[in-house]
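Examination of the molecular architecture
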Amino acid sequence: MPAGLLGIEELDRSEIEAILARAKDFQPLQSQSLKKLDTLRGKMIVNLFYEASTRTRTSFEIAAKRLSADAVSITASGSSVTKGESLVDTLNTLAAMRPDAIVMRHAASGAPHFLARHLPTPIINAGDGTHEHPTQALLDARTILDRRPSLEGLRVAIIGDIAHSRVARSNVHLLSKFGAEIVLCGPASLLPVELKELAPGVRLTTDITEAIRDADVIMMLRVQLERQHEAAFPASEYFRFYGLQLEHLDLARPDAIVMHPGPINRGRELSSEVADFQRSVILNQVENGIAVRMAVLERVIG
Amino acid sequence: MDLLIRHGRVIDPASDTDRVADVHIADGRVAAVAPDLSAPGAEVFDAAGLIVAPGFIDMHVHLREPGFEHAETIESGSRAAAAGGFTSIACMPNTRPANDSATVTSYIVERARRAAVVNVFPIGAITKNSAGEELAAIGAMKAAGAVAISDDGLPVMNARVMRRAMEFAKSYDLPIIQHCEDLNLSAGGDMNEGAPSVRWGLRGIPAASEDVMVARDLLLAELTGARYHVAHISTRRAVAMVEYARNAGLPITAEATPHHFALSDDRMRPYDSNYKMKPPLRQSCDAAVVADGLARGVISAIATDHAPHPGSEKMQEFERCPFGIIGLETALGLALDELVHPGKIPLRRLVELFTTGPESVLRLGRGTLAPSAPGDVTIFSTDLAWTYDVNQSFSRSRNSPFDGRTFRGGPVATVVAGQIVWKR
């Protein structure tokens, strides 16, 4: 199997540390007027997005361009998918054009893992179904580490639709590898008990106040209505029981930060005041996304 | 021509036989089982060091003909059966058109007579087009050769329809075979609901979806007195409920597939559709209870649920792939490896699970080497080392999780009506 980046679960600490350290090197570049490096000149990256995405796709494209790689973006609606071509055939066709890596987002969990067994080209997972979103967890870790010396012993509350969240799974794997305490919180129908077995150091609660108490980091998740196949929780009640509001933040550590992978829904999973709160680092996450993805691209094809 | 199978260890549970003897088959039927037989002019097969058993019966296969001949045909499926040591197979009605009428039943019987190398027994649908609404022509299908009824894969969700089906099946003295799955509970699921499904972000099929259907049907079976058979039982609670019903004296039977005692959800290769079937691979504790149920007689038969699908359907995103794996050629090897060699069951019990067990449900008049019984014999080894290469399979499909697995023991020759139809 070519070395791409399929998930956080299979990475070890040193690999993650190397990516995060390299991302830190790329951070100053983001605010320079001349942002381009020569590192990947002549390399070709295909961004293949089978699911709607604004930030991740743009972020990968910009990351590729800042490293001087050529990037082609394909969305499923404008491709041969609509002509009935199978995923394997589409990917084989793209692989025959000899890109150096394929960045892929797909609604089916495991789609990149399945393809990696059949393709010579490294695949970078930009989110597969409800499984993993490795670059999101890496940029989240980068964002936390910009404000804390280490992840060890940090209390991280992840709140929302955990069952359908690839962001939650990737973050659990990453944070657990570095010894963080993780509290997963959501309504019982979106919080399968088996999540406890995902990684060491994971606790579950259905009570948002318990999740937030003494937290260093609060990660809010979007309610993924498009992945729920029936009403797992009455939509009208969600904000009341699981929406993050300013008064909740009094329970957390005084310097606690609020994160969200986006896109945010003000008034659904967090109040507008929380979104604009001074310790909300949502836009820092977006900015770090480019630095982290540059580090990943460099590592996979550099 | 006569056939004389010499010097094998004959294990025939039906006649309580376990000794080294010769088996003489004349005119397609068992003529004699005794040491040192002489049969001048007979073809001789030397079975020294091998087990000679009544022909194995697989009561649950999908032959895909008519309608899905790109996946399997009656001929190719029967050849795979022969290579797996099976001399009789019962085929499920989910063909296109579904086997819900005497016309389709007769077509299968006729195609099998021309093309199959083993005995093929059709199973009729319970409801028209297996839609779960209107009962199929059960009596006419029985007259045409159907040996049981089932809406396998499309369980009868309406309890009232199931009750009526049981009443009809009883009046025709046919067993009713149910694929136990509450479709509302399992909807959208791709694998067993548990730690691996949560880890891999795949939607789960809870064990409860099987258990509630078994519970409902056992109550209906008690109400109607029907002979009721649980197909491919996979959960520990379903096994417990079947045991309870059998202890209560109800005519309840169950079968288990080799994959449900040999594999579990924690041993799947992630996102590999060759591990995707219904019921899904359950937890390892369920697999252990299934093995125990086979050992203790709660589960009467091993059946493969041989379910061919072409590569074009199985080479997709996991959630898009159809359910099912092929299993005819690996069943005996798995039963030896997983049940006999570890000492969970004696060899005699293994033979029962492939012969008298399914025979007790389907009543084919087979599964024994008693004099004048059909001359169907399975000759197998308990220590032959061999490796399964799915690309050499007689099946038209290649969807097996056991490709490349090395087995200790497996079929050596398969005899149908006195003819050697396959040998290693």
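Scope of this entry: the structure provided in the associated data block.

Conventions and cut-offs
- Residues numbered from 1 in each chain as written.
- Chains lettered and ligands numbered in written order.
- Predicted model: local features only at pLDDT ≥ 70, side-chain atom pairs only at ≥ 80, totals over all residues.
- Helix = DSSP H or I, 4+ residues; strand = E, 2+ residues; numbered from the N terminus.
- Rg over C-alpha atoms; globule rule 2.2 N^0.38 Å.
- Buried ≥ 20, exposed ≤ 12 C-beta atoms within 10 Å, placed from the backbone.
- Contact = placed C-beta atoms within 7 Å.
- Pairing = 2+ DSSP bridges.
- Axes fitted to C-alpha atoms, helices over the stretch in contact; angles between N-to-C directions.

Now for the overall build of chain B. Looking only at helices and strands, one finds 14 helices and 18 strands in chain B. The C-alpha radius of gyration of chain B comes to 20 Å, within 12% of the 22 Å expected for a compact globule of 424 residues. Dimensions of chain B, computed from C-alpha atoms along their principal axes, come out at roughly 65 × 45 × 45 Å. Taking all 424 residues of chain B together, the buried fraction comes to 61%. Pairs at least 24 apart in sequence give 76% of the contacts found in chain B among residues at least 6 apart.

So, about the sheet that holds strand 6 (residues 56-61) of chain B. Residues and elements named next belong to chain B. The strand order 6-7-8 describes an open sheet built from three strands, whose pairing is parallel. Lying at the two open borders of the sheet, with one neighbouring strand each, are strand 6 and strand 8 (119-122). Neighbour to neighbour, the strand axes of the sheet diverge by 20° on average, direction disregarded. The pairing of strand 7 (residues 86-91) with strand 8 spans four bridges and is classified as parallel. When the bridges of strand 8 are listed, S88 appears paired with N119. Along the sheet face, helix 1 (residues 74-83) touches strand 6, strand 7 and strand 8 and points at about 135° away from the line of strand 7. The strands touched by helix 2 (residues 102-115) are strand 7 and strand 8; relative to strand 8, the strand with the most contacts, the crossing angle is about 175°.

To continue, consider the environment of H260 of chain B. Residue and element names in this part refer to chain B. Within the secondary structure, H260 is located in helix 9 (residues 258-262). Among the residues examined, H260 registers 26 C-beta atoms within 10 Å and is labelled buried. In the structure, H260 is positioned 23 residues away from R237 in sequence and 14 Å away in space, judged by C-alpha atoms. Here H260 is in contact with H232, S234, R282, A287 and V290, once residues within four sequence places are set aside.

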